[in-house]
Amino acid sequence: MKYHILFNPTSNRGKAEKVYPKLIDILDREELDYSIECTIGGKKTFEQVEKALDKGVDVVVAAGGDGTINEVVNGLKGRGILGIIPLGRGNDIAISYGIPRNIEKSIKLLKSQNIREVDIGVLDGIYFVGIAGTGFVGDVNYNSNKLNLTGFKGYVISVFSTLKGFKYPECEIFFDSVTWKGRITLVALGNTMYYGGGMKLLPNSKVDDGFLDIAIAQKIHPAELIATFPLVYIGKHSINPHVKFYRSKEVTIKSDSELIISYDGELITRNEVTFKTMYKFQKIIGGM
């Protein structure tokens, strides 16, 4: 198989650039039939993916964080095969797909050609691979980027800094025959399990069942939120009666206030957004 690697040197706040020589050394040692280039970013990366497919590449590899994976998936649009070498901060998508964070092990997995078809989410024409969310999760991501925080400790710091000024948005949420209305702490939905550097935010999600898993946390007092927060890392936050889980193929969220929507490390703002799932839309190489 032919592999084309899109390497993002800016992943993990630029730390990825330092591992480039090691990456090349392992790729050569494992004798992959590969080509490699640095990502340009945004829609330019989509074009890089397109050119790779035009040249007959079988696997387009995202060597970076969740944002890099998102760009590659939006370039693939269900074509070809996605490979991942996780070089980001949290690497939640890689964890969800059973891909080792160790570079050498992830490359050996690429060689294994363990291919599986997985569901991909879409919002307003944008594909997303991991978990999308709004409310507290969106604000935490915004503050994490604003404060230039990294890793698990950075995420925890961002959580507590966000708590100080967090305003619980009033939302209407529509899916299937359900209409949910009220103030939210957060809404999270997706096809994968992990978020924020290893939190099992959607502990029952499956990558290929054709459904988005949905978590809705209604307005929770800050003290209660702090008490619940550690439980998310072991997927036990469902014991909080203010947290409810659902499944659907399509979800719409509306609000009079502007919501920060986070997905795969990216951020957008909307007053209304619709999420859908694309059943077994993308082939990937993973360890699931």
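Residues numbered from 1 in each chain as written. Predicted model: local features only at pLDDT ≥ 70, side-chain atom pairs only at ≥ 80, totals over all residues. Heavy atoms only, no water.

A few words on unusual backbone geometry. With a phi close to 60 degrees, Glu31 is a non-glycine residue in the positive phi region. With respect to the helices, strands and loops of the structure, Glu31 is situated in the loop between α1 (20–29) and β2 (33–38). Although it is not a glycine, Asn91 sits at a positive phi angle of roughly 55 degrees. Within the fold, Asn91 resides in the loop between β4 (81–86) and α4 (92–96). (Helix = DSSP H or I, 4+ residues; strand = E, 2+ residues; numbered from the N terminus.)

Of all hydrophobic cores here, the largest spans 44 residues; its most connected members are Val60, Ile85 and Tyr97. If one sorts the elements of this core by residue count, strand β3 (residues 59–64) sits on top with five residues. Ignoring anything within four residues of it in the chain, the contact list for Tyr97 reads Ile84, Val118, Asp119, Ile120, Val129, Thr192, Val207, Ile284, Gly286, Gly287 and Met288. Grouped together as the second largest cluster of nonpolar side chains are 23 residues, Leu163, Ile220, Leu225 and Phe229 included. (Core = buried A, V, L, I, M, F, W, Y, C linked by side-chain atoms within 4.5 Å. Buried < 20%, exposed > 50% of the residue type's maximum accessible area, 1.4 Å probe, protein only. Contact = heavy atoms within 4.5 Å.)

Here the focus is the packing of α1 against helix α5 (residues 103–112). At a closest axis distance of 10 Å, the pairing of α1 and α5 adopts a crossing angle of 35 degrees. Note that α1 runs across α5; the crossing there is right-handed. Seen from α1, the contacting residues are Leu23, Ile26, Leu27 and Arg29; seen from α5, they are Ile103, Glu104 and Ile107. Here the contact of α1 with α5 is built from residues that sort into five nonpolar, no polar and two charged. (Axes fitted to C-alpha atoms, helices over the stretch in contact; angles between N-to-C directions. Left-handed = near helix turned anticlockwise from the far one by under 90°. Nonpolar A, V, L, I, M, F, W, Y, C, P; charged D, E, K, R; others polar.)

This paragraph deals with the packing of aromatic side chains. Under the criterion given, the structure shown has six aromatic pairs. The ring of Phe211 carries the charged tip of Arg247 above its face, separated from the ring centre by 4.3 Å. One residue, Lys249, lies across the ring of Phe211, its end atom 5.5 Å from the ring centre. (Phe/Tyr/Trp six-rings, centres within 6.5 Å; stacked < 30°, edge-to-face > 60°. Lys NZ or Arg CZ within 6 Å of the ring centre and 35° of its normal.)

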